[in-house]
Amino acid sequence: MDYQRIISKVYTSTLAKDNIGKVPDYIPELANIDEKKFGVNFTDLKFNSYGHGDFEEKFSIQSISKVFALSFVYERLGEKIWDRVDVEPSGNAFNSLIQLEADKGIPLNPFINAGALVICDILLEISSNPKEELLSYIRDLAEDDNIHFNEKVAVSEIKNSFRNTAMCNFMKSFGNITNQPEAVIDLYCHLCSIEMTCKQLSKSFLYLANEGIKPLSNEKILSSTKAKRINAILLTCGFYDESGEFSFLVGLPGKSGVGGGIVAIYPNHYCITVWSPKLNRKGNSYRGMKFLEEFTTKTGESIF
Ligand code: GLN
């Protein structure tokens, strides 16, 4: 399969189409981005890597960081984590509070904000320096030390974290947050503020395409069962209330972020990352979804 040619063709045809949607402004710092940015990177398990457009430019990975946080905590704590967060699609927006009351403060999955906040709370319990530990975990996965928090983005989100703070307080009232909400929000917003390129993201997700093992170094990041389970949750919950649509149109597990990034995984083969800042109504990159839909249609490759 000539992936490079397919990527280049799909890039050109996506670029020629409408770029609908808008950049998020509820995190003021994210609204400053040039909405015409568009990058793609494909990296496979043999380290063939093809990029197009703005694929070497860093952007805010936002909720994509929830996957790294989950992997880190899951490997250390094991199945116990599912006592505090479930594995069911929510059918609601990523920042919804609606289901938490009925479920007594147990979030439906680790990729909605409530679930990621619980994972951050666990991180604070198991690590004395979770920010630095998570950052070095991600740098190790990407084999690249040039990955940093964007302090301006973190502060901009912390100052406007009214919904996430409400969620934290609400879950604390049920006993599912043990630390002070301010500390959980600080960690969560810092993880969301990490900046990476499409190329760095594709490479750093390869362990999920490789049964939990980092290719090249052969380092075991997760057991194969845990990697399978994270892929399963990515497929069913990675795009919030648009997870069914992503699965229907693209057919791969993946994760989006409000910075406009999407990483998709073709297990045993490759990872592909797309970045385009304009978001659709569900908070997922409009062009990112269009690109990946056409890409998997042209390759004929999906998990189905
Ligand atoms: N930091 C963002 C928030 O909490 C992450 C959401 C996202 O990327 N979907 O709203």
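Our structure's up above, just so we're on the same page.
Reading guide: rules and limits
- Residues numbered from 1 in each chain as written.
- Predicted model: local features only at pLDDT ≥ 70, side-chain atom pairs only at ≥ 80, totals over all residues.
- Heavy atoms only, no water.
- Helix = DSSP H or I, 4+ residues; strand = E, 2+ residues; numbered from the N terminus.
- Rg over C-alpha atoms; globule rule 2.2 N^0.38 Å.
- Contact = heavy atoms within 4.5 Å.
- Areas by Shrake-Rupley, 256 points an atom, 1.4 Å probe, with all protein chains shown as cover.
- Lys, Arg positive; Asp, Glu negative; His and termini not counted.
- Charge placed at Lys NZ, Arg CZ, Asp CG, Glu CD.
- Salt bridge = Lys/Arg side-chain N within 4 Å of Asp/Glu carboxyl O.
- Buried < 20%, exposed > 50% of the residue type's maximum accessible area, 1.4 Å probe, protein only.
- Pairing = 2+ DSSP bridges.
- Axes fitted to C-alpha atoms, helices over the stretch in contact; angles between N-to-C directions.
- Near = heavy atom within 4 Å.
- Polar contact = N/O pair within 3.5 Å; in protein donor to acceptor, adjacent residues only side chain to side chain.
- Nonpolar A, V, L, I, M, F, W, Y, C, P; charged D, E, K, R; others polar.
- Expected span 1.5 Å × (residues − 1).
- Parallel < 35°, antiparallel > 145°, perpendicular 65-115°, else oblique.
- Left-handed = near helix turned anticlockwise from the far one by under 90°.

**Student:** Just checking my understanding: could you explain the overall build of the protein chain for this structure?
**Tutor:** On a plain count of helices and strands, the protein chain comes out with twelve helices and nine strands. Compactness check: the protein chain gives a C-alpha radius of gyration of 18 Å against a globular reference of 19 Å for 304 residues, within 12% of the reference. In terms of its C-alpha atoms, the protein chain occupies a principal-axis envelope of roughly 55 × 40 × 35 Å. The contacts in the protein chain between residues at least 6 apart in sequence include a share of 71% that link residues at least 24 apart. With the model as given, the accessible surface of the protein chain reaches about 12300 Å², and the carbon-plus-sulfur share is 49%. In the protein chain, the 33 positive side-chain charges and the 38 negative ones have mean positions that sit 3 Å from each other.

**Student:** Please explain the pattern of salt bridges as it appears in this structure.
**Tutor:** Pairing between side chains becomes possible if they bear opposite charge and their charged atoms approach one another. One pass over the structure, following the stated rule, counts 16 salt bridges. Across the salt bridge formed by Arg84 and Asp121, the nearest N and O atoms sit 2.7 Å from each other. One end of the pair, Arg84, is in the loop between helix 2 (65–77) and helix 3 (113–126); the other, Asp121, is in helix 3, and 37 residues separate them in sequence. Like Asp121, Arg84 is buried.

**Student:** What am I meant to see in the sheet that holds strand 7 (residues 254–256) here?
**Tutor:** Adjacent strands of a sheet pair through backbone hydrogen bonds, lying either parallel or antiparallel. Pairing within the open sheet is antiparallel, and its five strands lie in the order 2-1-9-8-7. Single-partner strands in this sheet number two, and they are strand 2 (49–53) and strand 7. Between one strand axis and the next, the sheet turns by 10 degrees as a mean value, whatever way the strands run. Examined bridge by bridge, strand 1 (residues 39–44) and strand 2 share five bridges and lie antiparallel to one another. Along strand 2, the bridge assignment pairs Thr43 with Ser49. The strands touched by helix 12 (residues 286–299) within the sheet are strand 1, strand 8 (261–266) and strand 9 (270–275), with strand 9 carrying the most contacts at an inclination of about 145 degrees.

**Student:** Explanation requested: the site of the ligand in the structure shown.
**Tutor:** In the neighbourhood of the ligand, 13 residues make up the surrounding shell, with Tyr26, Gln62, Ser63, Glu157 and Tyr188 lying closest. Residue Glu157 places a side-chain N or O atom 2.6 Å away from a nitrogen atom belonging to the ligand. In this structure, an oxygen atom belonging to the ligand sits 2.6 Å away from a side-chain N or O atom of Tyr188. Here the ligand, which alone exposes 300 Å², has 99% of that area covered by the protein. Class assignment for the residues of the shell around the ligand results in seven nonpolar, five polar and one charged.

**Student:** Help me out: how do you make sense of helix 12 in this one?
**Tutor:** Since the α-helix advances by 3.6 residues per turn, residues separated by three or four positions end up pointing in the same direction. Taking 1.5 Å as the rise per residue, helix 12 with 14 residues should run 20 Å; its terminal C-alpha atoms sit 20 Å apart, in good agreement. In terms of residue burial, helix 12 counts as a mostly covered element, since ten of its 14 residues are buried. Each element contacted by the buried residues of helix 12 is listed here: helix 1 (3–16), strand 1, helix 11 (243–249), strand 8 and strand 9. For helix 12, the side-chain oxygen to backbone nitrogen distance between the N-cap and Gly288 is 3.0 Å, and the N-cap itself is Ser285. Positive backbone phi, at 70 degrees, marks Gly300, one or two positions downstream of helix 12.

**Student:** Is there a simple way to think about the packing of helix 1 against helix 12 in this case?
**Tutor:** The relative placement of two packed helices comes down to the angle between their axes together with the axis-to-axis distance. Running from N to C, helix 1 and helix 12 cross one another at 140 degrees; their axes reach a closest spacing of 10 Å. By the angle class used here, helix 1 and helix 12 are oblique. The handedness of the crossing between helix 1 and helix 12 comes out as right-handed. In contact with Tyr3, Ile6, Ile7, Val10, Tyr11, Ser13, Thr14 and Leu15 of helix 1, helix 12 contributes Arg287, Lys290, Phe291, Glu294, Phe295, Lys298 and Thr299. Within the contact of helix 1 with helix 12, the residues separate by chemical class into eight nonpolar, three polar and four charged.

**Student:** Hey, could you run me through helix 10 (residues 224–237) in this one?
**Tutor:** The end-to-end C-alpha distance of helix 10 is 20 Å, a good match for the 20 Å that 14 residues give at a rise of 1.5 Å each. Looking at helix 10, one finds that the buried residues are Lys226, Ala227, Ile230, Asn231, Ile233, Leu234, Leu235 and Cys237. On its buried face, helix 10 sits against helix 2, helix 9 (206–209), helix 11, strand 7 and strand 8.

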